[in-house]
Amino acid sequence: MNLNEAIEKIRPPDEQFEQKAAARLSDQARPGGSLGMLEDAARRLAGMARSLDVHLKRKVIVTCAGDHGVVAEGVSLFPQEVTAQMVYNFVDGGASINVLARHAGAEVRAADLGVNHDFEKNLPIFHEKIRKGTDNLRRKSAMTRREAILSIEAGIRIAEQLHTAHSVDLLGTGDMGIGNTTPSSAVIAAFSGIDPKKLVGRGTGIDDTALTNKIEVIRGALDLHTPDPKDPVDVLAKVGGFEIGGLAGLVIGGAALGFPVVCDGLIATAGALIACELAPGAKKWLFTSHRSVEIGHQFMIDRLGMEPLLDLGLRLGEGTGAALAMELLDAATRVLAEIRTFEEVSIRNAQKQ
Ligand SMILES: Cc1cc2ncn([C@H]3O[C@H](COP(=O)(O)O)[C@@H](O)[C@H]3O)c2cc1C
Ligand SMILES: O=C(O)c1cccnc1
């Protein structure tokens, strides 16, 4: 599927199953609404799976990696080489995301959208490199418009593979890319028009001086390129990143193929935002996992009009929040299927007498 075909293919989840789920949830032997957001998630998942007995058996987290020319401006605490090192760590199973994904019963698959390193062809990752890192967005466009579309289509292709070869039931999205809180903050500043000073955070933990510089870098880039907020591909091309494009493609791909996607923190949500600006229907297939410490994330959540499931003070990325939220989505499916209704309880009691 190319981008337009994928957008065309998006249909809403099944409303009848949503209604049936809502009815069952409200008939359950407990005060109405007492399981809060779990009920909302359960209802939505029933509509997506077209079932009241949903099993999220195959859970996969795709961690999209890419490098960023803007690191030359001193926006991150860490050197660019760490991006490639972490991709190897994901493959070896020793990174934070591997641990939390194992706990959630999910598989981790790394994807190279634009890392500044030549990975071995037989390394078990998705090989979707657009180019070895974006250009420095403070000086020129991060990528061309064509590259932006290619990066989104790479994400769509990954979603297709997970659907056909692995029949994935729930997809989590995560990121790895030194410097990528800068393009992610620039993306939300471009869409919202909010002053970067209000929404730029410390990423890996930069000090006050570096933070002031990061704000100026983003301001300068927005002044230089004036990305068009009505044209999400323009925003991605001028101030985004290859992994952010891939993350957008995963959300569009999931919505087109009809499976739920749960996005992680600042960077994965920047991708989700681009997806939903391009294809508003994709939102119906999306869950936001948690509220990141990075303040720009709240502005993304606000723009999406969604409520994250968790608020744990996370600021890591990789898909860690998505992995944790998967456990709640699993819990939501069990809430719907297994909690007895008042009627079922009275039948059971009658049977016992
Ligand atoms: C070892 C290490 C592992 C990480 N895992 C995720 N990130 C997170 O930090 C980076 C973004 O922050 P900034 O924009 O400040 O560079 C991304 O790679 C993000 O995934 C990591 C960062 C490091 C150093
Ligand atoms: O919210 C995130 O995903 C995040 C925050 C800081 C650094 N890296 C990622």
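Residues numbered from 1 in each chain as written. Chains lettered and ligands numbered in written order. Predicted model: local features only at pLDDT ≥ 70, side-chain atom pairs only at ≥ 80, totals over all residues.

The name that an unreviewed UniProt entry assigns to the protein is Nicotinate-nucleotide--dimethylbenzimidazole phosphoribosyltransferase, with the source organism given as Desulfosalsimonas propionicica. Per its UniProt entry, the protein bears the Function (unreviewed entry) comment "Catalyzes the synthesis of alpha-ribazole-5'-phosphate from nicotinate mononucleotide (NAMN) and 5,6-dimethylbenzimidazole (DMB)." Regarding the protein, the relevant UniProt record gives this comment under Pathway (unreviewed entry): "Nucleoside biosynthesis; alpha-ribazole biosynthesis; alpha-ribazole from 5,6-dimethylbenzimidazole: step 1/2." (UniProt positions renumbered as here; feature names shortened; annotations may be inferred.)

Caption draft 1: Expanded view of the overall build of the protein. In terms of regular secondary structure, the protein is built from 15 helices and 6 strands. Taking 2.2 N^0.38 as the reference for a compact globule, 353 residues should give roughly 20 Å; the C-alpha atoms of the protein span a radius of gyration of 20 Å, in line with that estimate. Overall, the C-alpha framework of the protein stretches about 75 × 45 × 35 Å when taken along its three principal axes. Relative to its full complement of 353 residues, the protein shows a buried share of 54%. Within the protein, counting contacts between residues at least 6 apart in sequence, those at least 24 apart form 77% of the total. (Helix = DSSP H or I, 4+ residues; strand = E, 2+ residues; numbered from the N terminus. Rg over C-alpha atoms; globule rule 2.2 N^0.38 Å. Buried ≥ 20, exposed ≤ 12 C-beta atoms within 10 Å, placed from the backbone. Contact = placed C-beta atoms within 7 Å.)

Caption draft 2: Expanded view of the UniProt feature "active site" (unreviewed entry) in the protein. UniProt's entry tags Glu 318 with the feature "active site" (unreviewed entry), counted in the numbering of this structure. What Glu 318 contacts, discounting residues up to four positions off in sequence, is Thr 63, Ala 95, Ser 96, Ile 97, Gly 174, Asp 175 and Met 176.

Caption draft 3: How the structure looks around the site of ligand 1. Taken together, 18 residues lie around ligand 1, and Ser 76, Thr 181, Gly 203, Thr 204 and Gly 317 are the ones closest in. Counting residues per element, the ones that place at least two in the shell around ligand 1 are helix H4 (81–92), strand S4 (170–176) and helix H7 (181–192). Tallied by class, the residues present in the shell around ligand 1 amount to 7 nonpolar, 9 polar and 2 charged. (Near = placed C-beta within 6 Å. Nonpolar A, V, L, I, M, F, W, Y, C, P; charged D, E, K, R; others polar.)

Caption draft 4: Highlighting helix H6 (residues 145–166). In this model H6 runs 31 Å from its N-terminal to its C-terminal C-alpha over 22 residues, within 8% of the 32 Å that 1.5 Å per residue would give. With its phi angle positive at about 35°, Ser 167 sits one or two positions after the end of H6. (Expected span 1.5 Å × (residues − 1).)

Caption draft 5: Quick look at the domain arrangement of the protein. By the assigned domains, the protein splits into domain 1 (3–53 + 336–352) and domain 2 (59–330). The C-alpha centroid of domain 2 is placed 31 Å from the C-alpha centroid of domain 1. Each partner contributes residues to the interface: domain 1 has 12 residues there, and domain 2 has 21 residues. When residues of the side of domain 1 that touches domain 2 are traced back to their parent elements, those giving at least two are helix H1 (3–9) and helix H3 (36–49). The element best represented in the side of domain 1 that touches domain 2 is H3, accounting for 5 residues. Each residue belonging to the side of domain 1 that touches domain 2 can be placed in one class, and the counts come to 11 nonpolar, no polar and 1 charged. (Domains from an automatic or database assignment.)

Caption draft 6: Spatial organisation of the nonpolar core. Core analysis: the biggest nonpolar cluster contains 112 residues, and Val 187, Val 251 and Ile 252 have the highest contact counts within it. Excluding anything up to four places from it in sequence, Val 187 contacts Val 235, Val 239, Gly 240, Ile 244, Ala 270, Leu 273 and Ile 274. (Core = buried A, V, L, I, M, F, W, Y, C linked by C-beta atoms within 7 Å.)

Caption draft 7: View of the site of ligand 2. Around ligand 2 sit 13 residues, and of these Gly 265, Leu 266, Ser 292, Arg 315 and Gly 317 come closest. For the shell around ligand 2, the residue count by class is 3 nonpolar, 7 polar and 3 charged.

Caption draft 8: Representation of unusual backbone geometry. We note that Arg 50 has phi near 55°; this positive angle belongs to a residue other than glycine. Mapped onto the secondary structure, Arg 50 falls in the loop between H3 and strand S1 (59–66). Taking the number of C-beta atoms within 10 Å as the measure of exposure, Arg 50 has 13 and is therefore partly exposed.

Caption draft 9: Representation of the sheet that holds S1 in the model. The sheet built from 6 strands is open, its strands ordered S3-S2-S1-S4-S5-S6 with parallel pairing. Edge positions in the sheet fall to strand S3 (126–127) and strand S6 (286–288), since each has one partner strand and no second. Pairing geometry for S1 and strand S2 (residues 106–114), over 8 bridges, is parallel. Within S2, the position partnered with Val 60 by the bridge is Glu 107. Lying over the sheet, helix H12 (residues 266–278) contacts S4, strand S5 (261–263) and S6, oriented at roughly 120° with respect to S4. (Pairing = 2+ DSSP bridges. Axes fitted to C-alpha atoms, helices over the stretch in contact; angles between N-to-C directions.)

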